[in-house]
Amino acid sequence: MLPLLVSSKTCPFVQRAVILLEEKGVEHEVKYVDLANKPQWFLEKSPRGKVPLLIVDGATLFESQAICEYLDETNGPQRLAPENPVLRARDRAWFPFAGEDLFGSVFRVMTSTTEEQFDSEARELRARLTRLTEEKTGRWLSGDGSRFGLADVAVAPVFTRLAFFDRLTRTTWLDGMPGLAEYAKRLLERPAILRSVPEDFESALRRLLSQKKSWMLAHYG
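Residues numbered from 1 in each chain as written. Predicted model: local features only at pLDDT ≥ 70, side-chain atom pairs only at ≥ 80, totals over all residues. Heavy atoms only, no water.

### A closer look at the nonpolar core
Across soluble globular proteins, nonpolar side chains have a tendency to be buried as a group.
Alright, step 1. Counting 66 residues, the largest nonpolar core has Leu125, Leu129, Phe159, Leu162 and Phe165 as its most contacted members.
Alright, step 2. Top element by residues in this core is helix 6 (residues 150-169). It accounts for twelve residues.
Alright, step 3. The residues contacting leucine 125, other than those within four sequence positions of it, are Leu102, Ser105, Val106, Val109, Leu162, Phe165 and Trp173. (Core = buried A, V, L, I, M, F, W, Y, C linked by side-chain atoms within 4.5 Å. Buried < 20%, exposed > 50% of the residue type's maximum accessible area, 1.4 Å probe, protein only. Helix = DSSP H or I, 4+ residues; strand = E, 2+ residues; numbered from the N terminus. Contact = heavy atoms within 4.5 Å.)

### Considering the side chain of arginine 186
Alright, step 1. By secondary structure assignment, the location of arginine 186 is in helix 7 (residues 178-189).
Alright, step 2. For the buried arginine 186, no salt bridge is present, and the opposite-charge side chain at shortest range is glutamate 182, 4.7 Å distant.
Alright, step 3. Among residues more than four places away in sequence, those in contact with arginine 186 are Lys136, Gly138, Arg139 and Trp140. (Lys, Arg positive; Asp, Glu negative; His and termini not counted. Salt bridge = Lys/Arg side-chain N within 4 Å of Asp/Glu carboxyl O.)

### Remarks on the environment of serine 210
Alright, step 1. Its place among the elements puts serine 210 in helix 9 (residues 201-211).
Alright, step 2. Here serine 210 falls in the partly exposed class, since its relative accessible area comes to 49%.
Alright, step 3. Separated by 81 residues in the primary sequence, serine 210 and leucine 129 have C-alpha atoms spaced 26 Å apart.

### Digging into the sheet that holds strand 2 (residues 29-32)
Alright, step 1. The four strands are arranged 2-1-3-4 in an open sheet whose pairing can be described as mixed. Either end of the sheet is taken by a strand with one partner, and the two such strands are strand 2 and strand 4 (59-62). Within this sheet the neighbouring strands show an average axis-to-axis angle of 25°, counted without direction.
Alright, step 2. As paired elements, strand 1 (residues 4-7) and strand 2 share four bridges and run parallel to each other. Bridge pairing in strand 2 links valine 6 to lysine 31. (Pairing = 2+ DSSP bridges. Axes fitted to C-alpha atoms, helices over the stretch in contact; angles between N-to-C directions.)

### A look at the packing of aromatic side chains
Alright, step 1. Across all of its chains, the model carries eleven aromatic pairs by this definition.
Alright, step 2. Ring geometry for phenylalanine 118 versus tryptophan 173: centroids 6.1 Å apart, planes at 85°, classification edge-to-face. Of this pair, phenylalanine 118 sits in helix 5 (residues 115-135) while tryptophan 173 sits in the loop between helix 6 and helix 7, placing them 55 residues apart in sequence. With respect to class, phenylalanine 118 is no different from tryptophan 173; both count as buried.
Alright, step 3. With a centroid separation of 4.9 Å and 40° between ring planes, the pair formed by phenylalanine 118 and tryptophan 215 is classed as tilted. Separated by 97 residues along the polypeptide, phenylalanine 118 in helix 5 and tryptophan 215 in helix 10 (residues 215-220) bring together distant segments of the chain. (Phe/Tyr/Trp six-rings, centres within 6.5 Å; stacked < 30°, edge-to-face > 60°.)

### Some details on the environment of leucine 132
Alright, step 1. Here leucine 132 shows up in helix 5.
Alright, step 2. As for leucine 132 and serine 46, which are separated by 86 residues in sequence, their C-alpha atoms are 31 Å apart.
Alright, step 3. In contact with leucine 132, other than residues within four places in its own chain, are Trp94, Phe97, Leu102, Leu141, Phe159 and Leu180.

### Focus: unusual backbone geometry
Alright, step 1. Residue proline 52 is reached from valine 51 by a cis peptide bond, and omega for that bond is 5°.
Alright, step 2. Along the chain, proline 52 falls in the loop between helix 2 (40-45) and strand 3 (53-56).
Alright, step 3. Located in the positive-phi region is glutamate 63, a residue other than glycine, with phi close to 75°.
Alright, step 4. For glutamate 63, the location among the structural elements is in the loop between strand 4 and helix 3 (64-74).
Alright, step 5. Take glutamate 63: its relative accessible area is 34%, and that puts it in the partly exposed class.
Alright, step 6. You will see that lysine 213, though not glycine, has its phi angle at about 55°, which is positive.
Alright, step 7. For lysine 213, the position within the fold is in the loop between helix 9 and helix 10.

Spelled out as structure tokens, the structure:
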């Protein structure tokens, strides 16, 4: 039986798991759930009531970082995690940084309901992106910066959404951050990342923003 990924189309945490599945060439099935109306079977499977879940060999794995590390360890000889323990620990640390500092900030920008709130959240997001710029010293964020790895998987969903922001607002969100803009381009050209969102990803995001009465969507959309 193929691994089953329990998913939501607009969730950045799910996207991390899909990137690993695509990078490792793991055949899998996908089941989408409505997080606004969670089915009972999902609540019974998910200890935190969140996606992603990966159901494999009769076990249910939860939390995107745990799923990514499992897929990295069990598929193929080439690991995305750095061999050096210190660098490997640094890669792990980028998962909560991205999840709490970046994903949360991106979501608040998208769902701000007034121009004042939008401007405030946009400034906060740019400040956090500036910190990421200061930390990234090579071509990639992972390890010593020489090759794509788990830290890049951790942050990649941010740049998928910033690209959507660019198209929606007809501006450049990474303006003034040339190094980060080049990094984002490398990420978004990577086949596994291109395939990590569904074909209707942008329309699904627009529906979400409409439901949240997003100022950004109303003003630019």
